[in-house]
Every structure is written in structure tokens, then in C-alpha cells.
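So the chains spell out like this:
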Amino acid sequence: MYGTIAVGTDGSETATIAENVALQLATSSNGRVLFISAFTDGPSRRRSVEALERARARAGAAGVPVDAEPVKGEPAAGVVEIADRRNAELLIVGDIGMGERHMLRLGGVPDRVSHEMPCDLLIVRTSKPERAKGPGEYASVLIATDGSPTADRAARVGAEFAKAHGASVTLVHVGEEPVGEIILRDTAERLGDREMPIKVLAGDPGDRIAELAASEGHDLVVVGNKGMTGGLRFLLGVVPDKVSHQAPCDILIVNTVGRSAADLEPGEGGIVELDGKRVAAYRDEQGALTVLSPRCKHMGCTVGWNHRAKTWDCPCHGSRYEADGTVKNGPTRHPLDPIST
Ligand code: FES
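In this numbering scheme, every chain counts its residues from 1 along its sequence in written order. Whole-chain, interface and lining totals are the exception, using all residues; otherwise, since this is a predicted model, local features are given only for residues with pLDDT of at least 70 and side-chain atom pairs are given and counted only at 80 or more. For the side-chain quantities, the full set of heavy atoms in the structure was used; hydrogens and water were omitted.

Right, let's get into the confidence of the model for the protein chain. Confidence scores here are pLDDT values: one per residue, from the predictor, ranging 0 to 100. Per-residue confidence for the protein chain averages 84 on the pLDDT scale, and 89% of its residues sit at or above 70. The contact criterion used throughout is that any non-hydrogen atoms of two residues lie within 4.5 Å. The low-confidence segment residues 97–107, where pLDDT is below 50, has 15 contacts with residues more than four positions distant or belonging to other chains. Confidence drops under a pLDDT of 50 for residues 229–237, and excluding neighbours within four residues, the segment shows 14 contacts in the predicted structure.

Quick look at the structure:
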């Protein structure tokens, strides 16, 4: 179900677990894997390159099409940048740095990635060797929904994921009993299985979902990313944030709420959602916004924002555009189309 699966790695033993999950998922979906490794200086660059070579060799042995890219800079920003630029549909990271001890210490790599995710994000519990199933083995999936359209999309993705792995699905809603039951029965019907097990719980949604995942031994929790981006990112208590820190199993956070132009800091660009469409937007240092079509004028691939060069780069044949969409280098000969707002 995912064509391009990106995975962040530093070559460590725990990162290798996340790499192997990426290879398993790519094998089952006939997809390809993009290994990304960040470095800050010469020695760490050498380690990154070596880690990527080892990962490439493992992918080759598994028969999975593979690509690899080292990136200079802070790991979370680097992984997000490359996954975004290369149009990954799923990004996988290990959970080291997200456990209970670190709950209030925002800033670990998986934590930061979860707040900037450019696509769906799978956080693999590499720190839980006692887990019932092996990494990447999903027999039981817990899907949380509040019945909203965005949660519905997460439920559909979760159900598709479960089907691809032959896993059972349980739906959970945290709220009022009668309303919750109606929401879950409707969701189950839309997912094509009226008999799907449902649970309506009372209390704090993040806490209850994580507790249920633990008590029933689910292998994966699926939630939408509503409440994880933009101005809400620092509000403790938002459901996906809490679940990603507390649930003892893997977490699939579905990218139901894309970034909006309001999320862009001065001097930053990115692919954001505007009126339901994905656009390339750049906010200059004075706060003025430039909005462009993200379709490269060479052959139509989607450009990505290059944080270091502050350019729009096309991953297909190397065209590069300035932040305002004018051509910096070819093969394109035409600027990105402006979009009026
Ligand atoms: S499609 Fe962008 S460079 Fe070819």
C-alpha cells in the first residue's frame, strides 16, 4: 500500500530494527525503500555512509529496490526534508528517545519527526525487545477514531494496513457511550465489517487508547495526526502525541492534516495544503507568502523544499527553482506556475 517507504537510520542496532520493518513492508507492498542517514561532521558522515551501505546490502539481499541518501544537519530535520523532497508515502523511525522517561523532554528525533511529518509515520518500538510479535509483524491492530472526516481517513488507512498483514482490527472511541457506539458502528460499516470489535471508553483519550493497546496486547495503534502540527504542536494532551509516547506497541500516525501555510516560519518553504490542494509555499523573512504549483515544468514531478539551499528541487532529473519559482538550473526552462491566493 506504500510505494516509497523512507526510513531514518544511524546504523545502530535499534535503527536496524526499523530498517528491517521498512524492508518487510516494502516486500509486502512491492514498494521501494529510501534509507536516510543524517550527519553533522566528517567522522559522522563516514558512519552515515557506512550505515547506508550496510542497509543497501541488506535490501539487495531481500530483493527490495532501494535508494539511500545521507543528509547533513540535525537528524529530525534531515530525515523529514529528504522524505518530503523524495515524496515518500510512509516514513519509519525507531522510538528511541520517545519512551516514558523522555515524555516531557520534547526534542528526540522521533518526537520531532512526528510533529513535522510530511507523510504517514510509523514509529517502531525498537526499545521493546519483550514485545509479543517480532518487529513488523502485525496480528492485531487498534484503530482510534472520533468519527470526524480526518479520523475516518486514518481508519481507512489502518484497515487497509491490517488487511495487507492479515491482522484483526478493533475500533476504539473515547467519549460518551451511546454516541461513541454509533460512531464506531458507522465506521465499522464503512470499513466493510459490521461485526468488527468496538470499544467505547471514558476518560482521557490518549491515556485510554494507550492503556487499551497494552491490556489487549495490540501490535499496532493507528491514529490520525490531527492536533500534531502547527500551533497545536505544543499542547500537551492531544491524542496522537500522548499515544505515541505511551502505547507499548508500534504506532502508525496517518497524515490526515497536512501542513498549512500558517505553519511556515519566515524563511521556510514547504509543500502545504491550501483549499484542499497541495501547493509549494514559501514565506520570506518579512512574512510575505509566495504560493506556487509544486509540479516541475520539465516533466511534472513534484518538487520539494531544500532547507539548506532555500530552493525548490525536483527529485526526478535535478531541476532547481528559486524560492519564488524562477529557474535556477535545468533541465527545466520554465518557472513554476504561480497560484493566486
Ligand atoms: S520532472 Fe523535474 S527535472 Fe524532470
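On we go.
Okay, the nonpolar core next. In this structure, Phe35, Ile92, Leu122 and Leu252 are the most contacted members of the largest nonpolar core, which totals 42 residues. Split by domain, this core shows at least three residues from each of two domains, domain 1 (4–124) and domain 2 (140–254). Among all residues touching Ile92, those that are not within four sequence positions of it are Ile5, Ala6, Val7, Gly8, Ala18, Val21, Ala22, Leu25, Leu122 and Val124. Listed in part, the 32 residues of the second largest apolar core include Ile82, Ala144, Ile209 and Ala213. As used here, the term nonpolar core means buried Ala, Val, Leu, Ile, Met, Phe, Trp, Tyr and Cys residues forming a set that is joined through side-chain atoms within 4.5 Å. Between buried and exposed lies partly exposed: a residue is buried under 20% and exposed over 50% of the maximum accessible area for its type, with that area taken using a 1.4 Å probe on protein chains only. Note that the domain bounds were set by an automatic or database domain assignment.

Right, let's talk about the pairing of strand S9 (residues 220–224) for a bit. For the purposes of this entry, the term helix denotes a DSSP run of H or I that reaches at least four residues, the term strand denotes a run of E that reaches at least two, and both are numbered from the N terminus. With respect to burial, S9 is a largely interior element, five of its five residues being buried. Residues Leu220, Val222 and Gly224 line one face of S9 and the alternating positions Val221 and Val223 line the opposite face, and both faces are buried. As paired strands, strand S6 (residues 140–144) and S9 are joined by three bridges and run parallel to one another. Counted as the bridge partner of Val141 is Leu220 from S9. Strands are treated as partners if at least two bridges between them are detected by DSSP. Relative to strand S10 (residues 250–254), S9 runs parallel, the two being bridged by five bridges. If you follow Leu220 over to S10, its bridge partner there is Asp250.

Attention shifts here to the pairing of strand S5 (residues 120–124). In terms of burial, S5 is largely enclosed, as five of its five residues are buried. Going residue by residue along S5, you find Asp120, Leu122 and Val124 tucked away on one face and Leu121 and Ile123 tucked away on the opposite face as well.

This next bit is on the environment of Thr170. Looking at where Thr170 falls in the secondary structure, it is placed in strand S7 (residues 168–174). The sequence separation of Thr170 and Ile143 amounts to 27 residues, and the corresponding C-alpha distance is 6.2 Å. Filtering out sequence-adjacent residues up to four positions away, Thr170 remains in contact with Val141, Leu142, Ile143, Pro197, Lys199, Glu216 and His218.

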